[in-house]
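Geometric and topological summary
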There are 2 protein chains.
Amino acid sequence: MSKPVKLSNASDYEAFLDKYDTFLIDCDGVIWLENIVIPNLREALSLLRKKGKNLLFVSNNSAKSRKGYKKKFEKLNIEIYDGEIFGSAYASAYYLKNIVKFPSDKKVYVVGNVGITEELESEGIRYAGAAEDVKFDSTDWTFANIKQDPEVGAVLCGFDININYLKYAKAYTYLRSNPGCLFLLTNDDSTFPASGSTFPGGGAIAAPLITALDRNPDAVLGKPNKPMLDCIVQKLSLNPERTCMIGDRLSTDILFGINGNLGTLLVLTGVTEEKDILAENARIIPDYYISSLGDIATLNT
Amino acid sequence: MSKPVKLSNASDYEAFLDKYDTFLIDCDGVIWLENIVIPNLREALSLLRKKGKNLLFVSNNSAKSRKGYKKKFEKLNIEIYDGEIFGSAYASAYYLKNIVKFPSDKKVYVVGNVGITEELESEGIRYAGAAEDVKFDSTDWTFANIKQDPEVGAVLCGFDININYLKYAKAYTYLRSNPGCLFLLTNDDSTFPASGSTFPGGGAIAAPLITALDRNPDAVLGKPNKPMLDCIVQKLSLNPERTCMIGDRLSTDILFGINGNLGTLLVLTGVTEEKDILAENARIIPDYYISSLGDIATLNT
């Protein structure tokens, strides 16, 4: 397999940037680490804008809607415009509305938090679950209490800090009993990094449903899965040949780019290390890699 | 594959009973259906006792300790003696104490309810989790809040009606960070029947840990897995040749008996139907089957 090209000086950066019109950019590990902006990142994004590039920030994290992400960009003082954010919660709402044409007389049962429900609202999709099932007292509850809602035509499961048995039992019941009920995940990341460690992610939250139903989801809207790219390509009328995916994770970001025939740039500010892509047995290899996306800001000077 | 023998009259029953000294009997679907005793079941058990048979009630349900099961038998007016109950919660405690000799200076982190903690207490095993982590308010919580308890040397996960993200995050952290931390499940049933339907079971509750850790449990203490039989054989000094497993589920009860070289009797009062074992492609076949364990009570008359 061919080795990735390392970008390390101004002429490398120029040649790389000339190849693409649009950059899909992962957030955590590329733009910021939790609440700390990667050095020179603001300047690097400013350079891309000055060169007339289209930017789209593409994140698997479904905890935030586009509105929620915008707040985070603004709080971290990073320039951001409407239409530049594409999180997995929005991808899920977009997919339901524009790809599967979810019927307006049906509802989505949501295992997840406000990031998901805000995006469903933005697309005019009716939903149940989410905040309404956060409070669950098992002491006065029996299995017979679960009321079937025949209007539920899809279950959408994302990361849910308020997961409980009631949500699992309801989601399971709809998927098992409601004819044609769709089973969608915002993303299938088994873990995510936080506080210097990792914790169970959206894919782990969905695992009880997959296990109990013995059924895989109909679609997963996060990277590296194709439905998310289908949404992006449709919405932005992208030319994949002139588009590059920039990310820090091989199994999500880089694989997403490879699967979609996009260019790929790995940054080393997140979870992947240089040795991971240079190893003899490396399986997922980006076209390019760079120490940090902040490095291209040197072109500004 | 040989066909199972159907027991349907007094001489069938006599010949069957003569082959075994000990009967391991599943509860739900054999003795009772939720809170209704199967017809003639009390009389059938009375007959077995009169013939001097040893009885052991073996259940995967970890929601009840032996004490909890005893109450249920008494409430349903079914004769029961100390030492006749072997649920997966007790099997887990027995396994920790007698098979792996769990160190007394270590604790078990419990994802589960009172059935499990009562049995750990009965065996003098220290634990954390369970009731102490039922209350979880995500609003003032951060991932940095998770305190490592270096004394946790095992995670034991069973069905947990009060499952929440805090328990998953803690269990995951111990299994990932504490050297040698054991990963045990009381059972791996993906679903269980209730109120005329099914719901996510103990195996589903454990799925986020298996997914996030990308690790299978070190032992599963419920049927059809061998560790449960190891505990029963050690505790009762059983002779497998003179022991018969009686149950209503092929994939748990009957497979458990087959795996342990026990005799097997399927009853048709639970989830399995006659066509399931007579089909050409049937894979798990009991030695014997009977409409209901209550039928053998006719020998009393």
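Residues numbered from 1 in each chain as written. Chains lettered and ligands numbered in written order. Predicted model: local features only at pLDDT ≥ 70, side-chain atom pairs only at ≥ 80, totals over all residues. Heavy atoms only, no water.

Quick note on the threshold: UniProt positions are given in the numbering used here, feature names are shortened, and annotations may be inferred rather than shown by experiment.
The name given to chain A in an unreviewed UniProt entry is 4-nitrophenylphosphatase, and the organism recorded there is Rhizophagus irregularis. Regarding chain A, the relevant UniProt record gives this comment under Catalytic activity (unreviewed entry): "4-nitrophenyl phosphate + H2O = 4-nitrophenol + phosphate + H(+)".

Quick look at the packing of aromatic side chains
In plain terms, the rule: A pair of aromatic rings is counted whenever rings of Phe, Tyr or Trp (Trp by its six-membered ring) have centres within 6.5 Å, and the orientation is called stacked for planes under 30 degrees apart, edge-to-face for over 60 and tilted otherwise. Here a helix means four or more residues in a row that DSSP labels H or I, a strand means two or more in a row labelled E, and each is numbered from the N terminus. The cut-offs for exposure are 20% and 50% of the maximum accessible area for each residue type, with area from a 1.4 Å probe on protein chains only; residues under the lower value are buried, those over the upper are exposed, and the others partly exposed. Consider the ring centre and the ring normal. A charge sits over the ring if Lys NZ or Arg CZ is within 6 Å of that centre and within 35 degrees of that normal.
One pass over the structure, following the stated rule, counts 36 aromatic pairs over all chains. For the ring pair B:Trp32 and B:Phe73, a centre distance of 5.0 Å and an interplane angle of 70 degrees mean the geometry is edge-to-face. Within this pair, whereas B:Trp32 is found in strand 3 (residues 32–33), its partner B:Phe73 is found in helix 3 (residues 66–75), the two being separated by 41 residues in sequence. B:Phe73 matches B:Trp32 in its accessibility class, with the two residues each being buried. Taken together, the aromatic side chains of A:Phe136, A:Trp141, A:Phe143, A:Tyr165, B:Phe159, B:Phe192 and B:Phe199 make up a single cluster linked through ring pairs. For A:Arg66, the ring lying beneath its charged end belongs to A:Tyr90, and the centroid distance is 3.6 Å.

A closer look at the UniProt feature "binding site: substrate" (unreviewed entry) in chain A
All names here are of chain A. Formally: We call two residues in contact whenever any of their non-hydrogen atoms come within 4.5 Å of each other.
UniProt marks Ser59, Asn60, Asn61 and Lys223 with the feature "binding site: substrate" (unreviewed entry), using the numbering shown here. Across 165 residues in sequence, these annotated residues keep their C-alpha atoms within 10.1 Å of one another, forming a single compact spot. Assignment of secondary structure puts Ser59 in strand 5 (residues 54–59). Looking at Ser59, the relative accessible area reads 6%, which means it is buried. Inspection of the secondary structure assignment puts Asn60 in the loop between strand 5 and helix 3 (66–75). With residues up to four places along the chain from it excluded, the contact list for Asn60 reads Ser88, Asn187, Asp189, Gly222, Lys223, Met228 and Thr252.

Some points on the domain arrangement of chain A
All names here are of chain A. Selection rule: Just so you know, the domain bounds were taken from an automatic or database domain assignment. What counts as buried area is the accessible surface, traced by a 1.4 Å probe, that two parts surrender upon association, with contributions from both included. The salt bridge definition used is simple: a Lys or Arg side-chain nitrogen within 4 Å of an Asp or Glu carboxyl oxygen. Two N or O atoms form a polar contact when they lie within 3.5 Å of each other; inside protein one atom must be a possible hydrogen donor and the other a possible acceptor, and for residues adjacent in sequence the pair counts only when both atoms belong to side chains.
Each domain of chain A was delimited in the assignment, giving domain 1 (5–60 + 224–300) and domain 2 (106–216). Distance between the C-alpha centres of domain 1 and domain 2: 31 Å. Of the roughly 520 Å² buried between domain 1 and domain 2 on both sides combined, carbon and sulfur atoms contribute 30%. Contact with domain 2 buries area across many residues of domain 1, yet Glu34, Asn60 and Arg249 alone supply 68% of it, more than any other trio. Linking domain 1 with domain 2 are zero salt bridges. At the surface where domain 1 touches domain 2, the tally comes to three residue pairs in polar contact (both at pLDDT 80 or more).

A look at the nonpolar core
The test is simple: Among buried residues, the Ala, Val, Leu, Ile, Met, Phe, Trp, Tyr and Cys ones that are joined through side-chain atoms within 4.5 Å form a nonpolar core.
Residues A:Tyr165 and B:Tyr165 are the most contacted members of the largest nonpolar core, which totals 66 residues. If sequence neighbours within four positions are ignored, B:Tyr165 has contacts with A:Phe159, A:Asp160, A:Ile161, A:Ile163, A:Phe192, A:Phe199, A:Pro200, A:Ile205, B:Phe136, B:Trp141 and B:Phe143.

As for the relation of the copies chain B and chain A
Threshold: To superpose the copies, least squares is applied to the C-alpha atoms of every residue with a pLDDT of at least 70 in both.
It takes a turn of 180 degrees to lay chain B on chain A, together with a shift of 0.0 Å along the axis; the resulting RMSD is 0.0 Å. Read as a symmetry element, the transformation amounts to a two-fold axis. In this assembly the copies share their binding face: 100% of the residues contributing to the interface of chain B also contribute to that of chain A.

Some points on the UniProt feature "active site" (unreviewed entry) in chain A
Residue and element names in this part refer to chain A. This chain's UniProt record puts "active site" (unreviewed entry) on Asp26 and Asp28. The topology assignment puts Asp26 in the loop between strand 2 (22–25) and strand 3 (32–33). Excluding anything up to four places from it in sequence, Asp26 contacts Ile31, Val58, Ser59, Lys223, Met245, Ile246, Gly247, Asp248 and Asp253. Separated by 2.9 Å, the side chains of Asp26 and Lys223 make a polar contact. By the secondary structure assignment, Asp28 is in the loop between strand 2 and strand 3.

Describing the interface of chain B and chain A
With 34 residues of chain B in contact, the opposing surface of chain A contributes 34 residues. Counting the surface lost from both chain B and chain A, the interface buries some 2,700 Å², and carbon and sulfur atoms represent 69% of this. Sorting the residues of chain B by area buried against chain A places B:Phe143, B:Ile161 and B:Tyr165 first, and these three jointly supply 24% of that buried surface. Joining chain B to chain A, the criterion identifies zero salt bridges.

Re the side chain of A:Asn178
Its place among the elements puts A:Asn178 in the loop between helix 6 (165–177) and strand 10 (182–185). Discounting chain neighbours no more than four positions away, the residues touching A:Asn178 are A:Gln148, A:Asp149, A:Pro150, A:Val152 and A:Thr173.

Let's talk about the pairing of strand 14 (residues 243–247) of chain A
Residues and elements named next belong to chain A. Applied cut-off: At least two DSSP bridges between two strands are needed for those strands to be called paired. Seen with the strands pointing away from the viewer, any crossover whose path from the first strand over the helix to the second strand runs clockwise is right-handed.
With respect to burial, strand 14 is a largely interior element, five of its five residues being buried. Burial along strand 14 is two-sided: the residues Thr243, Met245 and Gly247 and Cys244 and Ile246 are all buried. When strand 2 meets strand 14, the two strands line up parallel, connected through four bridges. The residue bridging Phe23 from the neighbouring strand is Cys244, located in strand 14. With four bridges joining them, strand 14 and strand 15 (residues 263–267) adopt parallel strand pairing. Each bridged residue has a counterpart across the sheet, and for Met245 the counterpart in strand 15 is Thr264. Once the chain exits strand 14 it traverses helix 9 (residues 250–259) before rejoining the sheet at strand 15, and the crossover so formed is right-handed.

Here we look at the sheet that holds strand 1 (residues 5–6) of chain A
Residue and element names in this part refer to chain A. Read from one edge of the open sheet, seven strands run 1-16-15-14-2-5-6, paired in parallel fashion. Sheet topology places strand 1 and strand 6 (85–87) at the edges, where each strand pairs with a single neighbour. Note: strand 15 against strand 16 (residues 288–290), three bridges, orientation parallel. By the bridge assignment, Val267 is partnered in strand 16 with Ile290.

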